[in-house]
Amino acid sequence: MKIKNQWLFIFIYILILVGMMVGLAFYLSQPTCRVSASCVWSGVLGTAVTLIVIALLLGAAFLRWLRQPIKQLGVLVQRIASGDTQARLMPQSPGLFSDLVRAFNEMRDRLVHQLDSLEKQQRQLALVLQHMADGVLIVNGQGYVQLINPAAANLLNTSADVAHLRAYAEVVRHHQLIELYQHCRETEENQVAAFEMSGGRFWQAVVSPFKELEVQGYLVILQDLTAIRHLETVRRDFISNLSHELRTPLASLRAVMETLQDGALDDPPAAQRFLERGVHEVDTMTQMVEELLELSRIESGRVPLRVQATAVSDLIIHPVERLRSLAERGNVKLITELPLDLPLVLADQPRIEQVVGNLLHNAIKFTPPGGKVTIRAHLSHDKENVAAADAVTVEIKDSGMGIAANDLPRIFERFYKSDRARTRGRSGTGLGLAIARHLVEAHNGRIWVRSHEGKGSSFYFSLPIADS
Ligand code: ADP
């Protein structure tokens, strides 16, 4: 403002000066005028007219001078408003507008900085939402979905584009989720519930009301608890199976002791028989405890593997020879079909022999007399196992009782035994397949099973081939 006033004073000063000079010149040029009042008036009028004309001319020039930077300012504001954050005014030479230009550029810089940090925050938030495992939905006060992250879209079988600004009920299509949300709207309090969805999945949903700067809405968080529930079930089953497995040999041992106490000790041949049964039960419990310890060691990575390039036949021949007599006793034919040109695989030989032994023992155990067990191996491209894209797959196929479809998904869990295996009294701890799975996975391999109840089972495992 200081500069503005300064210019105004200079302008008025020049105006008065020029006017006075013109009036004086006019007065002095007419010597007769000095006594004539009308002549003096004419002088004054002439001066006034001259002053007005000069003022108008100067005003027009001043306006012309002012219009250009104001026009520039207008264009710039429009560019910034349309998102061009690089637009700025060029600094002027010192004068009326230089302060304004500086102030404007400073304001623009501050605005751009604030916009940048807002954008950055928004990008970070979007990134968090994008990668969150939990589903997040924001529903506005009118009940329309304003935001949905990929996890929520995935859980609800929809997409962000389809769900955006659709009614909440239309997007979630699940009565319990809708009820939970309505309850939250009515009470304006947090609501939490866990429920089962289709496909045996378990969810927990949290609906919370929020009010930000007069904007009302609801935050819905969806968590997939299926894996946790599954772990809980496995843990519960593990404890109940362990108790169950220990109870049988313990009860048997107690019966043996009581019989001995009640007089069997005085009958040496009977005492001998009972003692042998006692020893057998103790052996069963010892084997179970040892297998459990072994499993826990493998699971926690405390079993160091000495992996080296090994011929597949070396992994199979020893367990086959060891179990041949068992197969013969059970009248089960044992067939080995190994191609000669198989590449070497990466394996810790004793550990993989243990896996083959477990699978082979089961195959013989669950195959009735007259059946057969075949061991094959072939080169495979294991698409499901990235770590072992090129692998050798070993198959142990039996013509035995097979496994029920509902037992198949759980067959590799600790202590899991099919009901038929239990009721038919086939001895076993239910730990063999769990150990086999952990050992194969520790080799970056994969183990799986295909089975038809009543027709037989095929257990497979793959091992990565060694680079030649
Ligand atoms: P177990 O010591 O009881 O054999 P495993 O872990 O080796 O323990 O096997 C778990 C269960 O898987 C067995 O009890 C049985 O129900 C089933 N099973 C394993 N192999 C076979 C097979 N070849 N045929 C049928 N059932 C099998």
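This text follows the structure it describes.
Rules and cut-offs
Residues numbered from 1 in each chain as written. Predicted model: local features only at pLDDT ≥ 70, side-chain atom pairs only at ≥ 80, totals over all residues. Heavy atoms only, no water. Helix = DSSP H or I, 4+ residues; strand = E, 2+ residues; numbered from the N terminus. Rg over C-alpha atoms; globule rule 2.2 N^0.38 Å. Buried < 20%, exposed > 50% of the residue type's maximum accessible area, 1.4 Å probe, protein only. Contact = heavy atoms within 4.5 Å. Areas by Shrake-Rupley, 256 points an atom, 1.4 Å probe, with all protein chains shown as cover. Lys, Arg positive; Asp, Glu negative; His and termini not counted. Charge placed at Lys NZ, Arg CZ, Asp CG, Glu CD. Phe/Tyr/Trp six-rings, centres within 6.5 Å; stacked < 30°, edge-to-face > 60°. Pairing = 2+ DSSP bridges. Axes fitted to C-alpha atoms, helices over the stretch in contact; angles between N-to-C directions. Near = heavy atom within 4 Å. Polar contact = N/O pair within 3.5 Å; in protein donor to acceptor, adjacent residues only side chain to side chain. 1 Å grid on protein atoms, 1.4 Å probe; cavity = no way out; pocket = protein on both sides within 12 Å on 5 of 7 lines; lining within 4 Å. Points joined across faces, edges and corners; volume = space filled by probe spheres on them. Nonpolar A, V, L, I, M, F, W, Y, C, P; charged D, E, K, R; others polar. Expected span 1.5 Å × (residues − 1).

1. As for the overall build of the protein chain
Next up, step 1: Across its full length, the protein chain carries 13 helices and 12 strands.
Next up, step 2: In terms of overall size, the protein chain is more extended than a compact globule, its C-alpha atoms giving a radius of gyration of 46 Å where 468 residues would be expected to give roughly 23 Å.
Next up, step 3: Seen through its principal axes, the protein chain has C-alpha atoms that stretch 170 × 65 × 40 Å.
Next up, step 4: Scored against the burial criterion, the 468 residues of the protein chain give a buried share of 36%.
Next up, step 5: Taking all contacts inside the protein chain whose residues are at least 6 apart in sequence as the whole, residues at least 24 apart take part in 59%.
Next up, step 6: Accessible surface for the protein chain amounts to roughly 29,300 Å². Of this, 58% is attributable to carbon and sulfur atoms.
Next up, step 7: Of the charged side chains in the protein chain, 49 are positive and 49 negative, and the gap between their average positions amounts to 10 Å.

2. As for the packing of aromatic side chains
The geometry of two aromatic rings is summed up by the distance between their centres and the angle between their planes.
Next up, step 1: Scanning the model with the defined rule gives 4 aromatic pairs in all.
Next up, step 2: A ring pair is formed by Y168 and Y181, whose centres lie 4.2 Å apart and whose planes are at 35°; its orientation type is tilted. Taken together, the residues Y168 in helix α6 (residues 168-172) and Y181 in helix α7 (residues 175-187) connect sequence positions 13 residues apart.
Next up, step 3: Residue classification places Y181 among the buried positions, given a relative accessible area of 6%.
Next up, step 4: Both rings, one in W448 and one in Y460, keep their centres 5.2 Å apart while their planes meet at 10°; by these two values the pair is stacked.

3. Comments concerning the sheet that holds strand β4 (residues 201-212)
Next up, step 1: Strand order across the open sheet formed by 5 strands is β2-β1-β5-β4-β3, with antiparallel pairing between neighbours. Both edges of this open sheet fall to β2 (145-148) and β3 (191-197), since each of them pairs with a single strand only. Strand-to-strand twist across the sheet, computed as the mean angle between neighbouring axes with direction ignored, equals 20°.
Next up, step 2: Sheet topology places β4 next to strand β5 (residues 215-224); 10 bridges connect them, and they run antiparallel.

4. A short note on the site of the ligand
Next up, step 1: In the vicinity of the ligand there are 20 residues, among which N362, K365, D398, S418 and L433 approach most closely.
Next up, step 2: One nitrogen or oxygen atom from the side chain of N362 is found 2.7 Å from an oxygen atom belonging to the ligand.
Next up, step 3: At 3.1 Å, a backbone N or O of G430 approaches an oxygen atom of the ligand.
Next up, step 4: Out of a free accessible area of 530 Å², the ligand has 96% covered by protein chains.
Next up, step 5: Of all the elements in the fold, those that place two or more residues in the shell around the ligand are α11 (349-365), α13 (432-442) and β12 (456-464).

5. Some points on the pairing of strand β11 (residues 446-452)
Next up, step 1: As defined by bridge partners, β11 adjoins β12 across 7 bridges and the pair is classed as antiparallel. Bridging from a neighbouring strand, I447 pairs with F461 of β12.

6. Side note on the sheet that holds strand β7 (residues 333-337)
One key point about sheets: their strands pair by backbone hydrogen bonds, in either a parallel or an antiparallel sense.
Next up, step 1: Overall, mixed pairing links the 5 strands, which are arranged β7-β9-β10-β12-β11 in an open sheet. Of all the strands in the sheet, the pair left with one neighbour each is β7 and β11. Neighbour-to-neighbour, the strand axes of the sheet open up by a mean angle of 20°, direction not taken into account.
Next up, step 2: Of the strands in this sheet, β7, β9 (372-381), β10 (390-398), β11 and β12 touch α11, which is tilted by about 170° from β12.
Next up, step 3: The sheet strands contacting α13 are β11 and β12, and the helix crosses β11 at an angle near 140°.

7. A few points about empty space enclosed by the protein
Next up, step 1: Applying the stated criterion across every chain yields a total of 1 cavity of 30 Å³ or more.
Next up, step 2: Put simply, the largest cavity is a space of about 30 Å³.
Next up, step 3: What lines the largest cavity is simply V234, D237, F238, N241, R410, E413, R414 and Y416.
Next up, step 4: Here the lining of the largest cavity is composed, by residue class, of 3 nonpolar, 1 polar and 4 charged.

8. Focus on the side chain of N140
Next up, step 1: The residue N140 is located in strand β1 (residues 135-140) in this model.
Next up, step 2: Within the structure, the side chain of N140 is placed 2.8 Å from the backbone nitrogen of Y144, a separation counted as a polar contact.
Next up, step 3: In this structure, N140 is in contact with Q146, Y181, R185, Q216, G217 and Y218, ignoring residues within four places of it in sequence.

9. What to know about α7
Next up, step 1: Along its 13 residues, α7 runs 18 Å from first to last C-alpha, staying within 8% of the 18 Å computed at 1.5 Å per residue.
Next up, step 2: Taken together, the buried residues of α7 touch β1, α6, β3, β4 and β5.
Next up, step 3: Downstream of α7 by a residue or two, E188 has a phi angle that is positive, lying close to 55°.

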